[in-house]
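Single-letter residue listing:
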Amino acid sequence: MKVHLNFTNKGKLVIENFNNEELIEIFSRYMNTLTKKYAVDVNVPEEANQNIVQDGSFKVVLSNVQCDVDTFFKELGRDIKVPLKKRSEGKLENVFKIQVME
């Protein structure tokens, strides 16, 4: 299952403070932590995430999905605010919206 995490306007402003490698590492780390709680395998294809800031989207591939995808990404959205907030000013609302591609 391919999923795009499309950044909101505020999310786009925040991710501009990070480089591509940092974003991949942050999202990968937080998703891997969540896989201990949710039955899903997550893969972050680096070739599809070469220009995260310019694309305004983070691409993820899910397999062996045995949980509610919306709940998984809702919790990721809450958790991911912690590292992103360190380089932003003000309050962060929703950072991204999920779009299931296939």
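All of the points below concern the structure found in this document. (Residues numbered from 1 in each chain as written. Predicted model: local features only at pLDDT ≥ 70, side-chain atom pairs only at ≥ 80, totals over all residues. Heavy atoms only, no water.)

## Let's talk about the pairing of strand S1 (residues 2-7)
Point 1. One ladder, built from five bridges, connects S1 with strand S3 (residues 57-63); its direction is antiparallel. Bridged to Asn6 within S3 is Ser57.
Point 2. As defined by bridge partners, S1 adjoins strand S4 (residues 96-100) across five bridges and the pair is classed as antiparallel. Residue pairing across strands places His4 opposite Gln99, the latter belonging to S4. (Pairing = 2+ DSSP bridges. Helix = DSSP H or I, 4+ residues; strand = E, 2+ residues; numbered from the N terminus.)

## Remarks on the packing of helix H2 (residues 20-34) against helix H4 (residues 69-85)
Working note: a packed helix pair is described by the angle between its axes plus the distance between those axes.
Point 1. The contact between H2 and H4 brings their axes to 10 Å, and the two run at 130 degrees. With respect to their mutual orientation, H2 and H4 come out oblique. Helix-helix and strand crossings are classified by hand; for H2 and H4 the assignment is right-handed. Of the residues in H4, those touching H2 at Leu23, Ile26, Phe27, Tyr30, Met31 and Leu34 are Phe72, Phe73, Glu75, Leu76, Asp79, Ile80, Val82, Pro83 and Leu84. (Axes fitted to C-alpha atoms, helices over the stretch in contact; angles between N-to-C directions. Parallel < 35°, antiparallel > 145°, perpendicular 65-115°, else oblique. Left-handed = near helix turned anticlockwise from the far one by under 90°. Contact = heavy atoms within 4.5 Å.)

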